[in-house]
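# Structural characterization, general
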Amino acid sequence: MSRLTIALLPGDGIGPEVVAEGARVLRAVAERWKHEIELREGLIGGCALDARDTPLPPETIELCRSADAVLLGAVGGPRWDNPAARQRPEQGLLGLRRELQVYANLRPVKVHPSLAVASPLRAERLEGVDFVVVRELTGGIYFGDKRREQLPHGGERAIDECVYTTSEIERVTRVAAQLARTRRRKLTSVDKANVLETSRLWRSTVTRVLRDEFPDVALDHLLVDACAMQLLRDPRGFDVIVTENMFGDILTDEASMLAGSLGVLPSASLGDDVEGQRARRGLYEPIHGSAPDIAGRGIANPVGTILSVALMLRHSFGLEQEARAVEQAVAATIDRGCVTADIAPCGARSYSTADVGGAIAEALTSISRQVHSRA
Ligand SMILES: NC(=O)c1ccc[n+]([C@@H]2O[C@H](COP(=O)([O-])OP(=O)(O)OC[C@H]3O[C@@H](n4cnc5c(N)ncnc54)[C@H](O)[C@@H]3O)[C@@H](O)[C@H]2O)c1
């Protein structure tokens, strides 16, 4: 039995709807496997701006630092979209990633066979697709200096700096190469080395780390534009992709279409092992945003959040059996057609966010019985 404290940050838009289902599955895991799990809620993003006049209140940082792991929904929405605003919801999320030093964002992309029809790609291209994008999460253009300047003869100039250091590239490369070692031992590094200086440093650093520390992992390099094309042409060819912050953000939204919907992809953001702690600190969240177009209607897909819970059980707590059981429960629920509208086949019945979350928690009960009876 484990005693675990998990911070829940529902955030904005559909965030609270999907995090409620993630929490339901966490409670189900705790009950079936006899773990003690304490869930503590905090504010982040637009709702924190409204309540506390900051997108990342100090008590949220403290809550996340003292927790064993964090489950987050999404932040942002049109209500807080004023471009002239001093503070924006997204600053809460970027600030939290930096505070927790979770620099490696793992985004697994797997196509569930019964969801191939939900993808705009032909089903035969999707069979067996199974890769992980490791996105660098605390550097690059999202974290560089930003400014605007008035030009003397009218108009403005906007500047976003993109900065990477050798050590930032080395540490995320090691996470990706270690992961490749547990899979098909193939790493694709994605950059724009024909144009960007940060990408040239990226390429030479990744090459050196692989040569010196992971000679058993095959490495290739792709320019980001070619990678965007290859993801559609031959997605089966990828095993682990490592790339910088913005490229990873964009490529994984594209990759979500292989899996059928943005709503089904999970993510795990990991830092280094925390000295003296049993759990590896991690921030877990679906890759989608706050989806204001469907917020409050009870139709958001909770699968990305629930699969993020499985990643949390695996990466932060080492609970592999429980993680697999959650993944099996998701697969079984999809197989029996209990899915939200974004992935329901044309003309088929779709279910609410809570229906799907409830069905997954129920499926978990029968899977846990089988597991326990085998033990
Ligand atoms: N990590 C985050 O918190 C995060 C990430 C991306 C965008 N955002 C913010 O979210 C807001 C909306 O951004 P956007 O519309 O570009 O991206 P989005 O991911 O919120 O939505 C894109 C499309 O996908 C659909 N979608 C997303 N998640 C879904 C789910 N779980 N189930 C069913 N359909 C789903 C939406 O309905 C929408 O049509 C913006 O304020 C943006 O800044 C936040």
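Per chain, residues are indexed from 1 in the order of the written sequence. The predicted nature of this model means local features are confined to residues of pLDDT at least 70 and side-chain atom pairs, given and counted, to a pLDDT of 80 or more, with totals for whole chains, interfaces and linings taken over all residues. The side-chain numbers reported here are obtained from all heavy atoms of the structure, hydrogens and water having been left aside.

## Looking at the site of the ligand
- Proximity is defined per residue: any heavy atom of the residue falling within 4 Å of a molecule or strand makes that residue near it. Close to the ligand lie 20 residues; Val-75, Glu-90, Gly-289, Ala-291 and Asp-293 are nearest.
- By the criterion applied in these results, polar contacts are pairs of N or O atoms within 3.5 Å in which, for protein atoms, one can donate a hydrogen and the other can accept it, and in which residues neighboring in sequence qualify only through two side-chain atoms. Between the ligand and His-288, the relevant distance is 3.3 Å, taken from a nitrogen atom to a side-chain nitrogen or oxygen of the residue.
- The backbone of Ala-291 places a nitrogen or oxygen atom 2.7 Å from an oxygen atom of the ligand.
- Of the residues in the shell around the ligand, the class split is nine nonpolar, seven polar and four charged. Classification used: nonpolar for Ala, Val, Leu, Ile, Met, Phe, Trp, Tyr, Cys and Pro, charged for Asp, Glu, Lys and Arg, polar for all others including Gly.

## Points about helix α6 (residues 166-181)
- With 16 residues, α6 ought to run about 22 Å at 1.5 Å a step, and its terminal C-alpha atoms sit 22 Å apart, in line with that.
- Relative accessibility decides the category of a residue: with a 1.4 Å probe and only protein chains considered, values under 20% of the type maximum give buried, values over 50% give exposed, and everything between is partly exposed. Strands are runs of DSSP state E lasting at least 2 residues, helices are runs of H or I lasting at least 4, and numbering of each runs from the N terminus. Listed in full, the buried residues belonging to α6 are Glu-168, Ile-169, Glu-170, Val-172, Thr-173, Val-175, Ala-176, Ala-177, Leu-179 and Ala-180.
- Should any heavy atoms of two residues lie within 4.5 Å, those residues are considered in contact. On its buried face, α6 is in contact with β4 (104-110), β5 (130-136), β8 (186-191), α7 (197-213) and β10 (240-243). A helix is expected to reach a length of 1.5 Å times the quantity of its residues less one.

## Quick look at the layout of surface pockets
- Residues are said to line a cavity or pocket when one of their atoms sits within 4 Å of a point; the points come from a 1 Å grid over protein atoms alone, cavities being sets where a 1.4 Å probe fits but cannot get out and pockets being open sets with protein on both sides within 12 Å along at least five of seven lines. Grid points are joined across faces, edges and corners, and a volume is the space filled by probe spheres set on the points. Considered as a void within the structure, the largest pocket measures approximately 840 Å³ in volume.
- For the lining of the largest pocket, the secondary-structure elements that each account for two or more residues are β4, β5, α10 (303-315) and α11 (320-335).
- It is α11 that provides the largest number of residues to the lining of the largest pocket, a total of six residues.
- Each residue belonging to the lining of the largest pocket can be placed in one class, and the counts come to 17 nonpolar, three polar and seven charged.
- The domain limits used here are those given by an automatic or database domain assignment. Residue-level mapping places the lining of the largest pocket at the junction of two domains, with at least three residues from each of domain 1 (1-110 + 260-375) and domain 2 (120-259).
- Approximately 420 Å³ is the volume attributed to the second largest pocket.
- In terms of lining residues, the second largest pocket is bounded by 23 residues, among which Glu-90, Leu-93, Arg-97, Asp-249 and Ile-287 are the most central.
- Those elements that place two or more of their residues in the lining of the second largest pocket are β3 (69-74), α4 (89-100) and α9 (245-259).
- Considering each element in turn, the lining of the second largest pocket owes the most residues, four residues, to α4.

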